[in-house]
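Each chain, written out:
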Amino acid sequence: YNQPKLPADATWKPGGVTFPNGQRVGGEPFNIFIDCNKTIYVALWHANTIKVWQEGSKTTKTEITKNLHHPNSVFATRNGDIYVGDSKHR
């Protein structure tokens, strides 16, 4: 779905941010999805939460918690719909 298109002469960005780490995420990520706008979605199984970061941000834009039970996968469409799979197979 969202495969990066890297140029042949791609270089490492020296001022880039290492993402994520356990402190920034708030636990161990179970699944990570990056959409075409470079928004990052992280499923936190134990926290019953999906955290969302916009490109270049060190703080979460949104936390999705409503009716989640151990989310194990997350997917976002181009029009902004977010699909989450959880342990209750919803």
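Data block above holds the structure.
Let me begin by describing the structure that accompanies this report. (Residues numbered from 1 in each chain as written. Predicted model: local features only at pLDDT ≥ 70, side-chain atom pairs only at ≥ 80, totals over all residues. Heavy atoms only, no water.)

Looking only at helices and strands, one finds one helix and six strands in the protein chain. Taken from the N to the C terminus, the helices and strands of the protein chain come in the order α-β-β-β-β-β-β. Each of the 90 residues in the protein chain was classed as buried or not, and the buried ones make up 23%. When contacts within the protein chain are restricted to residue pairs at least 6 apart in sequence, long-range pairs at least 24 apart make up 28% of them. (Helix = DSSP H or I, 4+ residues; strand = E, 2+ residues; numbered from the N terminus. Buried < 20%, exposed > 50% of the residue type's maximum accessible area, 1.4 Å probe, protein only. Contact = heavy atoms within 4.5 Å.)

What follows deals with the nonpolar core. In this structure, Phe33, Tyr41, Ala43, Ile50, Val52, Leu68, Val74 and Ala76 together form the largest nonpolar core, which totals eight residues. Within the residue set of this core, elements represented by two or more residues are strand 2 (40-44), strand 3 (49-53) and strand 5 (71-76). Discounting residues that sit within four places of it in the chain, Val52 has contacts with Thr39, Ile40, Tyr41, Thr60, Lys61, Thr62 and Ile64. Core analysis: the next-biggest nonpolar cluster, separate from the first, contains five residues, Val25, Ile40, Val42 and Leu44 among them. (Core = buried A, V, L, I, M, F, W, Y, C linked by side-chain atoms within 4.5 Å.)

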